[in-house]
Amino acid sequence: MVDCGILFSHTNLHSVQGLQGKKFGNVVKLQLGTVKCVVVNEQKNIREALVTRGHHFDSRPNFERYQRLFSGNKENSLAFCDWSNTQKVRRDMLKAYTFPRAFTHKYISLDNLILRETQDLVKELGENEIVELKPILLKKCANIFLNHFCSENFDSNNEKFTKMIENFDEVFYEVNQGYAADFLPFLMPLHKKNLERMAAVTHEIREFIQEEVIKNKLQTYSPETEPSDYLESLIGHVKMENMKNDEESSMNWEMAMFALEDIIGGHSAVGNFLTKLFGFLVCEPEVQRKIQSEIDSVLGSERLVSICDRNLLVYTEAVIYEAIRLIASPIVPRVANQSSSIDGYKIDKGTVLFFNNYDLSMSKDLWESPEKFMPERFIKNGKLFKPEYFLPFGGGRRSCMGYKLVQLVSFGILGTVMQNFNLKPVENEIYKVPVGSLALKKDSYKFKFEKR
Ligand code: HEM
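Reading guide: rules and limits
Residues numbered from 1 in each chain as written. Predicted model: local features only at pLDDT ≥ 70, side-chain atom pairs only at ≥ 80, totals over all residues. Heavy atoms only, no water. UniProt positions renumbered as here; feature names shortened; annotations may be inferred. Donors = N, O, S within 2.8 Å, 3.2 Å for Na, K, Ca; no water. Helix = DSSP H or I, 4+ residues; strand = E, 2+ residues; numbered from the N terminus. Axes fitted to C-alpha atoms, helices over the stretch in contact; angles between N-to-C directions. Parallel < 35°, antiparallel > 145°, perpendicular 65-115°, else oblique. Contact = heavy atoms within 4.5 Å. Nonpolar A, V, L, I, M, F, W, Y, C, P; charged D, E, K, R; others polar. Pairing = 2+ DSSP bridges. pLDDT = per-residue confidence, 0-100. Near = heavy atom within 4 Å. Polar contact = N/O pair within 3.5 Å; in protein donor to acceptor, adjacent residues only side chain to side chain.

As recorded in an unreviewed UniProt entry, the protein chain goes by the name Cytochrome P450, listed as coming from Ceutorhynchus assimilis. Recorded in UniProt under Cofactor (unreviewed entry), the annotation for the protein chain is "heme".

And the structure:
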């Protein structure tokens, strides 16, 4: 029996996982409250669980908290549902938008969106001496996501839009926390107030999406024309499913709404990630200089940074990988849907699997000076190089749906900011970037942006 206090934070869970790996072996069994768990250590075993035997371990934990966050049914959620035909359909429908193929129409239109928002960002950063960056980044990312998936766009000063972003950010923070109550349900009453607050926040998000994003589209939707965005694809899909009888139907309108909100909510992940990335960079003037000299030599000071330039700006790309590595956020836990094994160890059906991603990202055996910010470790023979043990987005059929968007949007924003500014610390501000979770508290760092 392990003290459930360790689950109060993912960071603590990581350090426990690391210890377990070194002391007790590659697959460590734990009993957390009433729940059987294992911690999977080492790349070979993590890959076995995620990919080779991924179909044995493709459910997600059944935490009461997740049920409550998704209207009493965690199957509404893209990330916390168990594997099902509906999830396969949801993932297949999203692919064209989350993984746009290079130089296709969707890719170029995403490029244009990123260009527009980044030029706006440059204007905004140039107007203020000291900037609280996170809310600005969240707005730019939200507009990129809303435009890309739903062809909607909002003015930065729109109060409802601002509130929607704050709400998404709160939910994002909440789902990234680990609580003892997840394993000891009798502690749930301690979270009553917080869960009531989350219910109000998710309700507000739903109202915004319904009123400001979907309403018009529903009125103008025509089944005769090709869907122009993900929202239209969803509407068309649900209308078709409604014509089937209920048992055959793979998605109702309620589920489609959650699928839409979940994916739009991806902007919070990117905004939080970028804020952390800039938190690292402000302490690394030499890395900033190297990004700038790469951009200057390839693009000069006039040509705007475009996602089509990614292959040419290898160092800039490597900076994104390095920030993701150092944040070492956990792989969302999985659950065994059947009795199986990992590395020859028997795993019972229903066991929750935690993956020691912290060790994969920070082990001294895998990385030289792992605590240092060294983007060069991701470059080999002048090309971007991703070691096979670098698995920040998980793997197999439950792998991250948003990783390409993370890379594309982060590239556009990082490149454009560095092309235009030197990032400087603000006096007395502490830039200690928390590791072990992507989510940052609402109030985060202030920065100075000095025009180049
Ligand atoms: C730096 C940012 C991000 C990181 C590090 C990250 C990481 C992860 C990881 C580790 C998983 C679990 C994978 C597994 O179980 O094998 C995951 C799942 C997921 N991610 Fe991300 N993610 C990020 C951003 C995003 C964004 C921007 C989106 C949306 C556009 C997104 C959408 C999803 C979804 C939908 C899932 C669940 C997929 C499923 O269970 O079928 N993620 N992510």
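Q: What is the right way to read the coordination of the iron atom of the ligand from this model?
A: In an ideal octahedron of six donors the angles at the metal are 90 or 180 degrees, and in an ideal tetrahedron of four donors they are 109.5 degrees. Exactly one donor from the protein chain reaches the iron atom of the ligand: Cys400 (SG), at 2.3 Å. As for its position among the elements, cysteine 400 is in the loop between strand S9 (383-384) and helix H15 (403-420).

Q: In this structure, what is going on with the packing of helix H11 (residues 266-281) against helix H13 (residues 314-327)? I would like to understand it.
A: How two helices sit against one another is set out by the angle between their axes and by the gap between those axes. Contact geometry of H11 with H13 gives a least axis separation of 10 Å together with a crossing angle of 100 degrees. Taken together, the axes of H11 and H13 are roughly perpendicular relative to one another. For the pair H11 and H13, the contacting residues are Phe273, Lys276, Leu277, Phe280 and Leu281 in the first and Val319, Ile320, Ala323, Ile324, Leu326 and Ile327 in the second. When its residues are assigned to classes, the contact of H11 with H13 shows 10 nonpolar, no polar and one charged.

Q: When you look at the sheet that holds strand S3 (residues 130-132) in this model, what are you seeing that I'm missing?
A: Sheet strands pair by backbone hydrogen bonding; their relative direction is either parallel or antiparallel. Strand order in the open sheet made by the three strands is S3-S11-S10, with antiparallel pairing throughout. Among the strands making up the open sheet, the edge pair consists of S3 and strand S10 (421-425). Mean inter-strand twist for the sheet, computed between neighbouring axes without regard to direction, equals 40 degrees. For S3 and strand S11 (residues 446-451), the ladder comprises three bridges, and the chain directions are antiparallel. Bridge assignment links valine 131 to a residue of S11, and that residue is phenylalanine 447. Across the face of the sheet, H15 comes into contact with S10 and S11 while running at roughly 90 degrees to S10.

Q: Hey, could you run me through the confidence of the model for the protein chain in this one?
A: In regions of low pLDDT, the predicted coordinates are not meant to be interpreted in detail. In the predicted model, the protein chain carries a mean pLDDT of 91, and 94% of its residues have values of at least 70. Contacts for the low-pLDDT stretch residues 1-20, under 50 throughout, to residues beyond four places or in other chains number 46 contacts.

Q: Before we go on, may I ask you to explain the packing of helix H12 (residues 285-299) against H15 in this structure?
A: Running from N to C, H12 and H15 cross one another at 90 degrees; their axes reach a closest spacing of 9 Å. It follows from the interaxial angle that H12 and H15 lie roughly perpendicular. Across the interface between the two elements, Gln288, Ile291, Gln292, Ile295 and Leu299 from H12 touch Leu414, Gly415, Met418 and Gln419 from H15. Its residues assigned to classes, the contact of H12 with H15 shows five nonpolar, four polar and no charged.

Q: Looking at this structure, I do not really get the site of the ligand. What am I missing?
A: What surrounds the ligand is a group of 27 residues, the closest being Arg60, Arg91, Arg334, Arg398 and Cys400. One of the side-chain nitrogen or oxygen atoms of arginine 91 is found 2.7 Å away from an oxygen atom of the ligand. A distance of 2.8 Å is found between an oxygen atom of the ligand and a side-chain nitrogen or oxygen belonging to arginine 334. Listing elements by their share of the shell around the ligand, those giving two or more residues are helix H4 (85-98) and H11. The element contributing the most residues to the shell around the ligand is H11, with three residues. Across the shell around the ligand, the residue classes break down as 16 nonpolar, seven polar and four charged.

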